[in-house]
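Coordinates in review
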Amino acid sequence: MTVDVFVDKDLCQGHARCNLICPEVFDLDEHGFAVVLAQEVPPGHEGAVEDAVQNCPEQAITIK
Ligand code: SF4
């Protein structure tokens, strides 16, 4: 089963917590806002992405 991850750019405030938790999936643009590098979460990173979801203060990250 694959997991897809999305960042709502209208909600993201650029705290960078997601990038600190899982840089393999979340990069930051030149303004510090999140960019999803791999919409389909690479195997083994599901837990880190779940941590990113839980730690995003803006609840901007969703997974399906
Ligand atoms: S933690 Fe949330 S608000 Fe902060 S950069 Fe990541 S997606 Fe954006």
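Described below are features of the structure shown in this document. Note that the structure is a prediction, hence the values are computed from the model and not measured.

A tally of regular secondary structure across the chain gives two helices and four strands. Ordered by position in the sequence, the α and β elements of the chain form the string β-α-β-β-α-β. Relative to its length of 64 residues, the chain is compact, with a C-alpha radius of gyration of 10 Å against a globular reference of 11 Å. The C-alpha extent of the chain, read off along each of the three principal axes, is 30 × 20 × 15 Å. Within the chain, residue pairs in contact and separated by at least 24 positions form 57% of the contacts whose partners lie at least 6 positions apart. Within the structure as shown, the chain displays about 4100 Å² of accessible surface, and the carbon and sulfur contribution to it stands at 50%.

On to the packing of aromatic side chains. Evaluation of the coordinates by the stated rule reveals zero aromatic pairs. One residue, K64, lies across the ring of F6, its end atom 5.2 Å from the ring centre.

So, on to the site of the ligand. Taken together, C12, Q13, G14, H15, A16, R17, C18, A34, C56, E58 and I61 form the complete shell of residues around the ligand. By residue class, the composition of the shell around the ligand is six nonpolar, three polar and two charged.

Before going further, it helps to spend a moment on the environment of V35. By secondary structure assignment, the location of V35 is in strand β3 (residues 34-36). Look at V35 and you get partly exposed, because its relative accessible area is 29%. Considering only alpha carbons, one finds V35 and D8, 27 residues apart in sequence, at a separation of 9.9 Å. Residues within four places of V35 in sequence aside, it is in contact with K9, V25, F26, D27, L28 and D29.

As a further point, take the nonpolar core. Counting 16 residues, the largest nonpolar core has V5, V7, C18, V25, F26, V49 and I61 as its most contacted members. Looking at this core, the elements with two or more residues in it are β1 (5-7) and α2 (46-55). Examining the composition of this core, we find that three residues originate from one element, α2, more than from any other. Ignoring anything within four residues of it in the chain, the contact list for F26 reads V5, V7, C18, N19, V35, V36, L37, V49, A52 and I61.

Conventions and cut-offs
- Residues numbered from 1 in each chain as written.
- Predicted model: local features only at pLDDT ≥ 70, side-chain atom pairs only at ≥ 80, totals over all residues.
- Heavy atoms only, no water.
- Helix = DSSP H or I, 4+ residues; strand = E, 2+ residues; numbered from the N terminus.
- Rg over C-alpha atoms; globule rule 2.2 N^0.38 Å.
- Contact = heavy atoms within 4.5 Å.
- Areas by Shrake-Rupley, 256 points an atom, 1.4 Å probe, with all protein chains shown as cover.
- Phe/Tyr/Trp six-rings, centres within 6.5 Å; stacked < 30°, edge-to-face > 60°.
- Lys NZ or Arg CZ within 6 Å of the ring centre and 35° of its normal.
- Near = heavy atom within 4 Å.
- Nonpolar A, V, L, I, M, F, W, Y, C, P; charged D, E, K, R; others polar.
- Buried < 20%, exposed > 50% of the residue type's maximum accessible area, 1.4 Å probe, protein only.
- Core = buried A, V, L, I, M, F, W, Y, C linked by side-chain atoms within 4.5 Å.

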